[in-house]
Amino acid sequence: MMTAPIRKPSLGPRSFRAKFMIVVGGAVLFDLLVSGGLALWNVQRLSRDATAEVGHGLERASQDYIRSYTDSTAAQVGLLLHQVHSDVKALTGVLQGQIDQPTRNGEIGAAMARAAPDAVTVTFDPKGQWAQNLPGAPSVVSVWGYLLDKDRHPLPQVQTDIETSAVLDLVAPDLLKNGASKLQMYYIGPKERPIFRTAPYTDQAQTFDRLYPGHNSADFWDFFFPGLYESWQKWASDPSLRPVPDNITQTAPYTDAITGKLIVSFFHPLWTADRRSVAGAAGADITLDQLAEIVERVKVAESGFGFLTMSDGNVVAINPAGEKIIGLRSASDATNKGVTGLDRSLRNSSQKEVASLPLDADGVIRHISLNESGENVPYLVVTKQLNATNLWINGPVQREVMSLGIVVPEREIYASLTAARDQISRATNRILIYQILAVLVSMLVVTGAVFVASKRITSGISALAGAAKRIQTKDYSVRVDIPTKDEVGEAGLAFNRMAEEISFHTENLENLVAERTKEIEVAKEEISILNGQLTSENLRLGAELDVARQIQLMVLPRAKELAAIEQLEIAAYMRPADEVGGDYYDILQNGAHLKIGIGDVTGHGLESGVLMLMVQSVARALQEAGETNPSRFLSYLNRTIYKNIERTKIDKHVTLSFLDYDGERLTISGQHEDLIVIRHTGAVERIDTSDLGLPVGLESDISSFIVTREIPFHKGDLIVLHTDGVTEAENPEGELFGIERLCENARRLHGRTAEQVMNGILESLMAYIGTQKIHDDITLVVVRHR
């Protein structure tokens, strides 16, 4: 029988193919847009959360750094003062020994008179009306006019003091050369005989005449240091009257008469043998430059600076740039009698917030705003109090606590925070652009696929529909050719059989044909719905998993990062059991400090992959913030992950260990699988990490459980890190690969490169697994000391 040709189905707006494309394509595109939009939203939320956590961490780290820097600088100032105190006490011990042992005192004085007559013989100066030894001696001794007899010679007891104090020539030169750098050291006699012996030799009395007229006829102690001697006399009767339980007394900064430099003097009273009265004093001077050098070396960020101030706000050390920033006037000196003081007070600052700055807020970081060229610039200020000292200014000795301050612009100390936020923002924008491009490409692919699929799916149905119409017009010669082997193809075969039967039974079979056609239409609709649902679900799941997998791969260490590590060879491999894995490894380097991490999130899949990304982000932020303490590092990371798990309600946790390497020591912390060490001799060591911490994310605070352990790591040694996906891999008989087999493979391959060891272990592992399904993520990291 001849068959008539079937007209090709049209693509008109009312055709089944057009409706199929609109319904199926619209549903798929809608689902694609929804899933893509959710992915974009989740990426943005992850970026916001990461930015917030990194911001909090870097801000805390920056403030801890400022406090630590302040403490260390204060310790340097304290150490300088302590060294000067020690040298003054050493000189005091020698001179006090002379006083306490009169016999030895006389013998040493006589010996010095014989050995160095220029140290004990003074010559009268008729112009100045004082007597002084000639140049050439290690020290200069000045005797004021009222201590001379009518023949212009020292009074007998004064001469005795000159001779016995010559022991300073034996001690002071060595003390000046060693210990803290000192300008000069000296001995001053008791109030009734205040001879002044100073090492090294200078034109002492001549300088005093020029700067302090009238001093030669006045009492030395009352003229230069009024109230100081009287305070010591009270201490002799009651030591508890000392403001600070120490005999060292410090002066406020003043201009030295001899050198013209700003100096600070440190006195130690000498006592009579019965300790009931003052017998003079030993002392030393240091220039303010020595204190200022420590303070002016402060360099926090680009323009941060330090200052040293008395408790009344008088700044004794600051660099010129810092002096300008906090609005101090330049140092000035008065010209009264006696020593003159430095006047440069915070309280007179042109910056209001500096003028009201509390100096007793020890270690507290304050935010202040300073006016710079009409602009308010935010700064951070922290002060640290030094040890209390006895201070003489002009009158009785009083208690003094100096403070060291550090000032740094917020924009500089938080520069790393701003850079981190910008970097996260740029990375997020890149991910968003890639995601949008992926969605657009997917839409084009889906549109094309729906167009092609619609033609394939509906061509047979359309042919059947056209043939049915021709049957309806009594054209029983029609036949359809549907090559597919599905239900539509079967319907075509049935249709052709029915057409043949209709040819013989036209009237009786018309109803049956109509019924069969209706059943075919129902089957067609059900097939279309099922295919649409399957296509939509597959596209949605595939898009989600692909985004997660791409993000996970993006944060893994690059080969060039591993190659840049000089002392170590590192090779790493990770294979997820699903599209997204829950294993973690990372190699983080900040300067000379290297941190190697490995971990395993419970389970695998999308949630485990997200938690792994959280661990990587927080670890990177802490490393870049300079946190090198392994215990604090793991504690901070756990606290952050625990809060994120609570927020996201992910019922998972992480076994996590870190290796810290600073070029000399290797330190392990945190609980994970056993660490395998192959020594250069071939010996195998297994380090159990079960007692080095707790899984991350179970508790908010695991700091009390964290233990660190140092491991020797020398040239030729090899370390193997792994997750349980390696040791729990099964062969076709269900037997585990096991830790012993892993150790044996590592031992067999030791002496080769890290890459060769890793590949050798993986070859053995994959051969062992064979055709067995891999049930867990596999991660392997091999580290070899070059």
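Before reading on, note that the structure itself is shown above.
These numbers come from a predicted model, not from an experiment.

**Considerations on the side chain of Asp285**
Right, on to step 1. Among the structural elements, Asp285 can be located in strand S9 (residues 278-287).
Right, on to step 2. Buried and unpaired, Asp285 has Lys182 as its nearest opposite-charge partner, separated by 11 Å.
Right, on to step 3. Within polar-contact distance, the side chain of Asp285 engages the side chain of Ser265 at 2.6 Å.

**A look at the side chain of Asn731**
Right, on to step 1. For Asn731, the location among the structural elements is in the loop between helix H18 (724-727) and helix H19 (739-749).
Right, on to step 2. Asn731 gets classed as buried once you look at its relative accessible area, which sits at 6%.
Right, on to step 3. In terms of polar contacts, Asn731 uses its side chain to reach the side chain of Tyr768, at 3.4 Å.
Right, on to step 4. Apart from the residues within four sequence positions on either side, Asn731 is in contact with Tyr768, Ile769 and Gln772.

**Structural notes on the packing of aromatic side chains**
Right, on to step 1. A full pass over the atoms with the stated rule returns 23 aromatic pairs.
Right, on to step 2. Summarising the aromatic geometry, the rings of Phe223 and Phe224 are spaced 4.9 Å apart at their centres and angled 75° between planes, so their arrangement reads as edge-to-face. Phe224 carries the same exposure label as Phe223, and that label is buried.
Right, on to step 3. Relative to Phe713, the ring of Tyr661 lies with its centre 6.2 Å away and its plane at 80°, an arrangement referred to as edge-to-face. Highlighted residues: Tyr661 in strand S20 (residues 654-661) and Phe713 in the loop between strand S24 (708-711) and strand S25 (718-722), separated in sequence by 52 residues. Each member of the pair Tyr661 and Phe713 is classed as buried.
Right, on to step 4. One residue, Lys595, lies across the ring of Phe633, its end atom 3.9 Å from the ring centre.
Right, on to step 5. Across the ring face of Phe737, the terminal group of Arg741 is positioned such that the distance to the ring centre comes to 5.7 Å.

**Let's talk about empty space enclosed by the protein**
Right, on to step 1. The final tally for this structure, using the stated rule, is four cavities of 30 Å³ or more.
Right, on to step 2. Reported here for the largest cavity is a volume of approximately 160 Å³.
Right, on to step 3. Those elements giving two or more residues to the lining of the largest cavity turn out to be strand S4 (184-188), helix H6 (220-224) and strand S8 (262-271).
Right, on to step 4. Take the lining of the largest cavity: its biggest share by element is three residues, from S4.
Right, on to step 5. Looking at the lining of the largest cavity, its residues break down into 13 nonpolar, two polar and two charged.
Right, on to step 6. Empty space within the second largest cavity amounts to approximately 80 Å³.
Right, on to step 7. Ile598, Ser657, Ile668, Leu675 and Leu721 are, among the 13 residues lining the second largest cavity, the residues nearest its centre.
Right, on to step 8. Of all the elements in the fold, those that place two or more residues in the lining of the second largest cavity are strand S19 (593-601), S20 and S25.
Right, on to step 9. Sort the elements by how many residues they give to the lining of the second largest cavity and S20 lands first, with three residues.
Right, on to step 10. Here the lining of the second largest cavity is composed, by residue class, of seven nonpolar, four polar and two charged.

**Re the nonpolar core**
Right, on to step 1. Counting 76 residues, the largest nonpolar core has Val143, Phe220, Trp221, Trp232 and Leu308 as the members making the most contacts within it.
Right, on to step 2. Broken down by element, the residue count for this core peaks at eight residues, all from helix H1 (residues 16-100).
Right, on to step 3. Setting aside anything within four residues of it in sequence, one finds Val143 in contact with Val122, Trp130, Ala131, Leu148, Val158, Ile162 and Ile195.

Basis of the calculations
- Every residue gets a number counted from 1 within its own chain, in the order that chain's sequence is written.
- Residues qualify for local features only when their pLDDT is at least 70, as the model is predicted, and side-chain atom pairs are given and counted only at 80 or more; totals for whole chains, interfaces and linings, by contrast, use all residues.
- The side-chain values count all of the structure's non-hydrogen atoms but skip hydrogen atoms and water molecules.
- Runs of E in the DSSP output that reach at least two residues are strands. Runs of H or I that reach at least four are helices, and both are numbered from the N terminus.
- Buried residues are those whose accessible area, probed at 1.4 Å on protein chains only, stays under 20% of the maximum for their type, while exposed residues exceed 50% and partly exposed ones sit between those limits.
- For this count, His and the chain ends are skipped, Lys and Arg are scored as positive, and Asp and Glu as negative.
- One side-chain nitrogen of Lys or Arg within 4 Å of one carboxyl oxygen of Asp or Glu is enough to make a salt bridge.
- Polar contacts here mean pairs of N or O atoms no more than 3.5 Å apart (in protein, one a potential hydrogen donor and the other a potential acceptor; neighbouring residues in sequence count only if both atoms are side-chain atoms).
- Contacts between residues were defined by any pair of non-hydrogen atoms, one from each residue, lying within 4.5 Å.
- Here a pair means two rings of Phe, Tyr or Trp (six-membered ring of Trp) with centres within 6.5 Å. Their orientation is stacked below 30 degrees between planes, edge-to-face above 60, and tilted elsewhere.
- Geometrically, a charge over a ring is one whose NZ (Lys) or CZ (Arg) sits within 6 Å of the ring centre while staying within 35 degrees of the ring normal.
- Here a cavity is any set of points on a 1 Å grid over the protein atoms alone where a 1.4 Å probe fits but cannot get out, and a pocket is any open set with protein on both sides within 12 Å along at least 5 of 7 lines; a residue lines the site when it has an atom within 4 Å of a point.
- Grid points are joined across faces, edges and corners, and a volume is the space filled by probe spheres set on the points.
- Only Asp, Glu, Lys and Arg are considered charged in this grouping, and only Ala, Val, Leu, Ile, Met, Phe, Trp, Tyr, Cys and Pro are considered nonpolar; every other residue, Gly among them, is considered polar.
- Nonpolar cores are built from buried Ala, Val, Leu, Ile, Met, Phe, Trp, Tyr and Cys residues. Side-chain atoms within 4.5 Å join them into one set.

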